[in-house]
Amino acid sequence: MPRIICVAGARPNYMKIKPVMDALEARGAEVVLVHTGQHYDESMNDVFFRDLGIRSPDRYLGAGSGSHAVQTGRVMEAFEPLLDELVPDAVVVVGDINSTLACALVTAKAGPLLAHVEAGLRSRDWSMPEEVNRVATDRLSDYLLAPSPDAAANLRSEGYREDQIHVVGNVMIDTLFANLDRARRSDVLARYGLTRGGYGLVTLHRPANVDDPDALRGLLKALGEIAGRCPLLLPVHPRAAERLSEIGVPGGIRLVPAAGYLDFIALQDSARVVLTDSGGIQEETTALGVPCVTLRENTERPITVEQGTNVLAGTDPDRITATVHRVLDDPPAPRCPELWDGRASERIAQVLLEGGSAATRPRPTDLVAGTGLVAGTVPVV
Ligand code: UD1
C-alpha cells in the first residue's frame, strides 16, 4: 500500500486537497495529511475543515505568519524530519502558496516522488509571489497535474516532457459540485438580509491591491461608484482588514467577516456579479455560471475568460467601473471548461497509483528539452 503525504497550508488549499485525499484512499493508498499551519484562524482554517468534513491533520507544523523567507523556511525545517520519519512513496502539493513551494523543495531533495496539483498555471507576472511558487514547484515535480489544456500548453512550451504532464481537470470544482446542495441550504443570505441576484460580492486580498494604500483607495473609489447601482458585500480577509478600516469604505459597501466555505459558495451562487482578485473564485464563478470581474492586470487562469464567465478588468478605477457596468448590462453566458466535471481527483488518483513502478516513473532530472538543458549532453570521458 503506497504511503502518500498530502500537504495543505492555507485557505485555498483545503478544498483542493480534500477530494484528492478521498480519491487516493478510495484506491487503497495510505494518506498522511500534513498541515503546515500557514493559516490558523477559526475563519481562515477551522471552519473549512468543518464545512468540508476534512479530518484533523495527522501532523501539524505550526509555521504561522511571517515574511516569505521566514514562512517558507519554517515549513521546510519542520517538513524535512517528517519525511525522514514517514518515508512516503509520494508527496502531493496543491496550488501556489508558500507552503506548496516549501514542501516541494524539501521533497525534491529527500527523494519521494512529487506531484503538483494545479501545475502549469502562469500569470507571467514575476512580481506575484505565487508565480514564483508555481514555476519553481513545477520544476521540482515529477507529476504535473494540469487543470486545463492551457496549463499543459504552458508546461510544453517550457520544455517539460509529455510523460510528466497530465490534464486531469480542476479539483476545486470537484469540491464545489460535491458541496453545492449543502451550500444552497445555507442561511447566509437571510442573515445578511440579501436576496438572490440583489447584490455584488467582493473579495480583495492580493498584496498588490491591499498592501499599497493608494492602490486600495483607487479600488474602493471604483467599488463605491458600482455600489450606487448594485449594493456590495465584502467579506474581509485578515490581510486587508486594518487598511480597510484606516481608509474607510464608501457607502453601499458592507464589510462582513471572512466567510466559511459553504456560506461563501452560497454567496457566490446568488450574487449578481462577483468582483475579485482571487484565483480560485475566478474558477468557482465560471463553474457556477455567475459573472466575475477580476480586479487584476493578469490572470493565471485565462481559460475562465476564454471559456467561462470571467472578465479581466485591471486595476484602473475608471476601467473597473466601465467593465462592471458593461457586465451588469450584458452578463456573459454561462460556460464551463472541459474536465471541470467533478472527477479531477479520480483522474489524479489513477495517474499516481496506476502509473507503473517507481523505477519507470518520470523524474524531473532530464526534462526541459527545448531549453538547451538536455541531460546527458556532456560526453563521459
Ligand atoms: C496566502 C497565499 C495566497 C492565497 C492566500 C489566501 C502565499 C504567498 N500567499 O496569502 O496565495 O491566495 O493565502 O488567503 O502563500 N493571517 C491571519 N490569520 C490566518 C492567516 C493569516 O490573521 O489564519 C494574517 C496575518 O496577519 C498574515 C496575513 O494574514 O501576516 C497574511 O497571511 P499569509 O499566509 O502570509 O498570506 P495571505 O495574504 O493569506
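Residues numbered from 1 in each chain as written. Predicted model: local features only at pLDDT ≥ 70, side-chain atom pairs only at ≥ 80, totals over all residues. Heavy atoms only, no water.

Our focus in this paragraph is the sheet that holds strand β3 (residues 59–60). Overall, parallel pairing links the seven strands, which are arranged β3-β2-β1-β4-β5-β6-β7 in an open sheet. If you trace the sheet from one side to the other, it starts and ends with β3 and β7 (165–167), each paired once. Two strands pair when backbone bridges link them, and strand β1 (residues 3–8) and strand β2 (residues 30–35) are joined in this way by six bridges, in the parallel orientation. When the bridges of β2 are listed, Arg-3 appears paired with Glu-30. Contacts between helix α4 (residues 98–110) and the sheet are confined to β1, β4 (90–94) and β5 (113–117), with β4 contributing the most and set at about 160° to the helix. (Pairing = 2+ DSSP bridges. Helix = DSSP H or I, 4+ residues; strand = E, 2+ residues; numbered from the N terminus. Contact = heavy atoms within 4.5 Å. Axes fitted to C-alpha atoms, helices over the stretch in contact; angles between N-to-C directions.)

On to the side chain of Gln-282, then. Following the sequence through the fold, Gln-282 ends up in helix α13 (residues 280–288). For Gln-282, a relative accessible area of 0% puts it in the buried group. Within the structure, Gln-282 has its side chain in polar contact with the backbone oxygen of Ser-278 (distance 2.8 Å). Only 2.7 Å separates the side chain of Gln-282 from the side chain of Thr-299, close enough to count as a polar contact. (Buried < 20%, exposed > 50% of the residue type's maximum accessible area, 1.4 Å probe, protein only. Polar contact = N/O pair within 3.5 Å; in protein donor to acceptor, adjacent residues only side chain to side chain.)

Glycine aside, a negative phi is what most residues show, and trans is what most peptide bonds show. If you check the backbone angles, Arg-124 has positive phi at about 60° while not being a glycine. When you line up the elements, Arg-124 lands in the loop between β5 and α5 (129–140). Assessed through its relative accessible area of 62%, Arg-124 is described here as exposed. With phi around 70°, Leu-339 is a residue other than glycine that occupies positive phi space. Following the sequence through the fold, Leu-339 ends up in the loop between α15 (317–329) and α16 (344–353). The class of Leu-339 is partly exposed, set by a relative accessible area of 26%.

Right, let's get into the packing of helix α1 (residues 11–26) against α16. One way to put it is that α1 packs onto α16 with a least axis distance of 8 Å and a crossing angle of 50°. Classified by the angle between their axes, α1 and α16 sit oblique to one another. Crossing of α1 against α16: the hand is right-handed. Across from Pro-19, Val-20, Ala-23 and Leu-24 in α1, the residues of α16 making contact are Ser-345, Glu-346, Ile-348, Ala-349, Leu-352 and Leu-353. (Parallel < 35°, antiparallel > 145°, perpendicular 65-115°, else oblique. Left-handed = near helix turned anticlockwise from the far one by under 90°.)

Moving on, we get to the nonpolar core. Ranked by internal contacts, the top residues of the largest apolar core, which has 61 residues, are Leu-24, Val-92 and Leu-267. Each of domain 1 (3–170 + 340–354) and domain 2 (188–329) gives at least three residues to this core. With residues near it in sequence (within four places) discarded, Val-92 still touches Ile-4, Ile-5, Cys-6, Val-7, Ile-17, Val-20, Leu-24, Ala-115, Val-117 and Leu-352. Within the second largest apolar cluster, 27 residues are counted, among which are Leu-204, Leu-216, Cys-230 and Leu-232. (Core = buried A, V, L, I, M, F, W, Y, C linked by side-chain atoms within 4.5 Å. Domains from an automatic or database assignment.)

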